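Overview (structure and organization)
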Amino acid sequence: MSIRYPIGESGQVLVLEQNVVDHFVKWRQSDPKMPESGGQLFGVVEGQSVKLKRATGPRVSDRRGRFFFVADRFAERLEISKLHKSGLHYLGDWHTHPQAVPAPSGTDLSSMADLFVRSKHDLNAFLMVIVGTAEFPKGLHVSLHEANAWSALNAERET
């Protein structure tokens, strides 16, 4: 199943493709002993569709605990370079939370704003997906982040 998210009034739609949804399911913190996981999001823009085609991570070099995830930023920069050469563009980050319906923490929000400001890119916003334990799409928080603002996206329908 892909999951679609209309992007505000833009007419664009974010599409989480099946393999990305499967990746999120695999790393969902369904067991109380599972640490947080995370990684990066890559995709393409095709007309009015922003297609999320690949989710990476977690990596052995990431730091992970039940309530935290710290990515290996050096490894992430290498991923961005490698996947860009194959035609995929970095769109944002994802990570898990051990809650049914996830919500971004203050740290999540400030980290995304900081990442947006410090990164070299041509995007209007970065994407953040937080994977919770509830069935999807209810168990996904999907939002767009700029330097000083963010907005949550709501799933349109499952196909």
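Relevant structure appears above.
Residues numbered from 1 in each chain as written. Predicted model: local features only at pLDDT ≥ 70, side-chain atom pairs only at ≥ 80, totals over all residues. Heavy atoms only, no water.

Moving on, we come to unusual backbone geometry. The general pattern is negative phi for most residues beyond glycine and trans for most peptide bonds. Of the consecutive residues G57 and P58, the connecting peptide bond is found in the cis state with omega at -5°. Note on placement: P58 falls in the loop between strand 4 (49–55) and strand 5 (63–65). Here the bond from F136 into P137 is cis, since omega is 10°, no more than 30 degrees from zero. Tracing the chain through its elements places P137 in the loop between strand 8 (126–131) and strand 9 (140–145). (Helix = DSSP H or I, 4+ residues; strand = E, 2+ residues; numbered from the N terminus.)

The strand order across the open sheet formed by 8 strands is 1-2-4-3-7-8-9-10, and the pairing between neighbours is mixed. Strands at the two margins of the open sheet, each flanked by one partner only, are strand 1 (3–7) and strand 10 (150–153). Here the average twist between neighbouring strands, direction ignored, is 30°. The sheet strands contacting helix 1 (residues 18–27) are strand 1, strand 2 (12–16), strand 3 (38–46), strand 4, strand 7 (89–96), strand 8 and strand 9, and the helix crosses strand 4 at an angle near 45°. Of the strands in this sheet, strand 7, strand 8, strand 9 and strand 10 are in contact with helix 3 (residues 106–118), which crosses strand 8 at around 155°. (Pairing = 2+ DSSP bridges. Axes fitted to C-alpha atoms, helices over the stretch in contact; angles between N-to-C directions. Contact = heavy atoms within 4.5 Å.)

Quick look at the pattern of salt bridges now. Across all of its chains, the model carries 9 salt bridges by this definition. Between R4 and E156 there is a salt bridge, and its shortest N-O distance comes to 2.9 Å. With R4 in strand 1 and E156 in the segment after strand 10, this residue pair connects regions lying 152 residues apart in the sequence. By relative accessible area, which is 22% here, R4 ends up partly exposed. (Salt bridge = Lys/Arg side-chain N within 4 Å of Asp/Glu carboxyl O. Buried < 20%, exposed > 50% of the residue type's maximum accessible area, 1.4 Å probe, protein only.)

One can find S49 in strand 4. Looking at S49, the relative accessible area reads 19%, which means it is buried. Setting aside residues up to four positions removed in sequence, S49 forms contacts with V13 and V44.

Let us now look at the pairing of strand 3. Counting buried residues in strand 3 gives 7 out of 9 residues, a clear majority hidden from the surface. When strand 3 meets strand 4, the two strands line up antiparallel, connected through 6 bridges. If you follow G43 over to strand 4, its bridge partner there is L52. From the end of strand 3 to the start of strand 4, which pair antiparallel, there are 2 residues, and G47 there has a positive phi angle of about 65°.

Burial analysis of strand 7 places 7 of its 8 residues in the buried class, which makes it a mostly covered element. In this structure, strand 3 lies alongside strand 7, joined through 6 bridges in antiparallel fashion. Opposite G38, over in strand 7, you have H95 as the bridge partner. Direction of pairing for strand 7 relative to strand 8: parallel, over a ladder of 5 bridges. Of the residues in strand 8, the one forming a bridge with H95 is I130. With helix 3 bridging strand 7 and its parallel neighbour strand 8, the resulting β-α-β unit is right-handed. (Right-handed = clockwise from strand over helix to strand, strands pointing away.)

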